[in-house]
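Architecture and fold: a report
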Amino acid sequence: MKKRVLSGIQPTGSPHIGNYLGALKSWARIQYDYDSIYCIVDLHAITAYQDPLELRNKIEELAGMLLAIGIDPAHSALVVQSSVPEHAELAWMLTCVTPVGWLERMTQYKAKSEAQESIGDGLLQYPVLMAADILLYQAAIVPVGEDQTQHLELARDIAQRFNSLYGETFVMPATHLPTVGARIMGLDDPEKKMSKSTSGAAHAISLLDPPNVIRKKIMRATTDSEPGVNFENPGAGVRNLLTIFQAFNEWSDDRMKDHFTGMRYGDLKKQVADAVVNALTPIQQRYHEIRQEAGYIERVLEEGAKRVGPLARATVHTAKKAMGLFTAD
Ligand code: AQP
């Protein structure tokens, strides 16, 4: 039997090349090696206020984009998190075995809560819900970007604690990071992770940006005052551009070094822009075709929920029995 892979993405903002290189590209690449489930995690999205109409549209847009990047619904289940109620049900059971101190230590929680006057409980519980997403399907492999590694460690800690309190129930999930592109930085500020929720015209490249916009953003990307690429020790902005190029074109380190050492930044930027435009153009074409097929995305999402429902119910049933909660049998 194939091992199970699971990962998720929030339907917030516009998916960008950081999401693609850090996670989505791996999702498409490894899907046939595993029994694959990919989730649009709308329950995670509402840990920050979302305009309801916009959220509803974003779910469908994101599903269209996941199909466009190559998720094959004949093989992988594409699921909206809120359409499978067991995600929330298991999250509650896991909440009850998770010490608050573990959650307060999460760096993403600390960063986000510092930026807010009033902190919603959902923000603190976010990683427990993520653990539930993973453990619900007994996933063995979770392909994510580097920013999620701490949350994955926590998911393993929660699974271990549950297993030791109530008996072996959950598979221990392993983190799968891409070798290049696990952390793409903002073009405007290479010290900060590229993120959907960060505003700024030149921060992120959306997967739907037209070629002229992509080129403009990359030509404006922050670099430094060196005359050309110092390959062994580049500044953060140049390193980020090199990473973007290498992740899209899949060149070896040696080839990158031979090609880029000493190159002027203007030429580097042109080549990075070409790499991004070449990779995104066919994805964008597929996306627009998919969006025009009336009813297709809804059908894929319905089918996804139907396929994973029995797995989710089986795990919740096992976890309930293990905890001594009421079950009909
Ligand atoms: N910059 C990134 N580089 C590499 N991987 C990344 N991921 C996110 N940003 C990068 C990975 O993409 C997957 C989906 O993550 P997400 O939906 O949380 O995306 P986001 O851009 O991080 O979204 P937000 O809404 O802006 O969230 P915050 O505010 O948390 O940054 C994950 O596998 C993630 O690792």
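What you see is a predicted model; the values in this text were computed from it and never measured.

About the thresholds
- Residues numbered from 1 in each chain as written.
- Predicted model: local features only at pLDDT ≥ 70, side-chain atom pairs only at ≥ 80, totals over all residues.
- Heavy atoms only, no water.
- Helix = DSSP H or I, 4+ residues; strand = E, 2+ residues; numbered from the N terminus.
- Buried < 20%, exposed > 50% of the residue type's maximum accessible area, 1.4 Å probe, protein only.
- Areas by Shrake-Rupley, 256 points an atom, 1.4 Å probe, with all protein chains shown as cover.
- Lys, Arg positive; Asp, Glu negative; His and termini not counted.
- Charge placed at Lys NZ, Arg CZ, Asp CG, Glu CD.
- Phe/Tyr/Trp six-rings, centres within 6.5 Å; stacked < 30°, edge-to-face > 60°.
- Axes fitted to C-alpha atoms, helices over the stretch in contact; angles between N-to-C directions.
- Parallel < 35°, antiparallel > 145°, perpendicular 65-115°, else oblique.
- Left-handed = near helix turned anticlockwise from the far one by under 90°.
- Contact = heavy atoms within 4.5 Å.
- Nonpolar A, V, L, I, M, F, W, Y, C, P; charged D, E, K, R; others polar.
- Near = heavy atom within 4 Å.
- Polar contact = N/O pair within 3.5 Å; in protein donor to acceptor, adjacent residues only side chain to side chain.
- Pairing = 2+ DSSP bridges.
- Right-handed = clockwise from strand over helix to strand, strands pointing away.
- Core = buried A, V, L, I, M, F, W, Y, C linked by side-chain atoms within 4.5 Å.
- Domains from an automatic or database assignment.
- Arc of directions from axis to C-beta.

Bringing the overall build of the protein chain into the picture now. Within the protein chain one finds 13 helices and 5 strands. Dimensions of the protein chain, computed from the C-alpha atoms along their principal axes, are close to 70 × 45 × 40 Å. The proportion of buried residues among the 329 residues of the protein chain is 50%. In the form shown here, the protein chain has an accessible surface area of approximately 15,600 Å², with 51% of it arising from carbon and sulfur atoms. Across the protein chain, the centroid of the 34 positively charged side chains sits 2 Å from that of the 39 negatively charged ones.

Per the stated rule, a full pass over the model turns up 7 aromatic pairs. Judged by centre distance (4.6 Å) and plane angle (0 degrees), the rings of tryptophan 27 and tyrosine 38 are stacked. Of this pair, tryptophan 27 sits in helix 1 (residues 17–30) while tyrosine 38 sits in strand 2 (residues 35–40), and the two are 11 residues apart along the sequence. An identical accessibility class is assigned to tryptophan 27 and tyrosine 38; each is buried.

Contact pair helix 7 (residues 121–136) / helix 8 (residues 149–166): the axes reach a minimum separation of 9 Å and the direction vectors enclose 70 degrees. Considered as vectors, helix 7 and helix 8 are oriented roughly perpendicular to each other. In this structure, the crossing between helix 7 and helix 8 has a hand that is right-handed. Side by side, helix 7 and helix 8 meet where Tyr126, Pro127, Val128, Met130, Ala131, Ile134 and Leu135 of the first sit next to His151, Leu152, Leu154, Ala155, Ile158 and Ala159 of the second. Each residue belonging to the contact of helix 7 with helix 8 can be placed in one class, and the counts come to 12 nonpolar, 1 polar and no charged.

So, about the site of the ligand. Neighbouring the ligand are 24 residues; Asp147, Ile184, Lys193, Ser195 and Ser197 lie closest to it. Within the backbone of glycine 18, one N or O atom sits 3.1 Å away from a nitrogen atom of the ligand. Between a nitrogen atom of the ligand and a main-chain N or O atom of methionine 194, the distance comes to 2.8 Å. Alone, the ligand offers 660 Å² of accessible surface; in the complex the protein occludes 96% of this. Listed by contribution, the elements that provide at least two residues to the shell around the ligand are strand 1 (4–9), helix 1 and helix 6 (107–114). Here the shell around the ligand gets 4 residues from one element, more than from any other, and that element is helix 1. Split by residue class, the shell around the ligand holds 6 nonpolar, 13 polar and 5 charged.

Let's shift gears to the pairing of strand 2. Among the 6 residues of strand 2, 5 are classified as buried, and the element is accordingly described as predominantly covered. Inspection of the sheet shows strand 1 paired to strand 2 by 6 bridges, in the parallel sense. Directly across from serine 7, in strand 2, lies its bridge partner tyrosine 38. Assessed by its sense of winding, the connection that carries the chain from strand 1 through helix 1 to strand 2 is right-handed. Inspection of the sheet shows strand 2 paired to strand 3 (residues 77–80) by 4 bridges, in the parallel sense.

If you look at the biggest cluster of nonpolar residues, it comprises 63 residues, and the most contacted ones within it are Leu268 and Val276. It is helix 12 (residues 265–292) that provides the largest number of residues to this core, a total of 11 residues. Mapped onto the domain boundaries, this core takes at least three residues apiece from domain 1 (4–177 + 295–323) and domain 2 (211–290). Those residues in contact with leucine 268 that lie beyond four places of it in its chain are Val229, Val238, Leu241, Leu242, Phe260 and Met263. If you look at the next biggest cluster of nonpolar residues, it comprises 42 residues, including Leu123, Tyr137, Ala139 and Leu152.

Glancing now at helix 6. Among all positions in helix 6, only Gln108, Tyr109 and Ser113 are buried. Each buried residue of helix 6 sits inside an arc of 120 degrees when the element is viewed along its axis, so together they form one side. For helix 6, the exposed residues lying more than 90 degrees away from the buried face are Thr107 and Glu114. Lining the buried residues of helix 6 we find helix 5 (100–104), helix 7 and helix 8.

Turning our attention to the packing of helix 1 against helix 10 (residues 236–249). Here helix 1 crosses helix 10 at 45 degrees, and the two axes come no closer than 11 Å. Accordingly, the angle class assigned to the pair helix 1 and helix 10 is oblique. The handedness of the crossing between helix 1 and helix 10 is left-handed. Mapping the contact onto sequence places Ile17, Tyr20, Leu21 and Lys25 in helix 1 and Ile244, Ala247 and Phe248 in helix 10.

What follows deals with the environment of glutamate 289. Considering the arrangement of structural elements, one finds glutamate 289 in helix 12. By relative accessible area, which is 53% here, glutamate 289 ends up exposed. Spatially, the C-alpha atom of glutamate 289 lies 9.4 Å from that of glycine 64, the residues being 225 residues apart in sequence.

Fair warning: the whole summary comes from geometry, so function is off the table for now.
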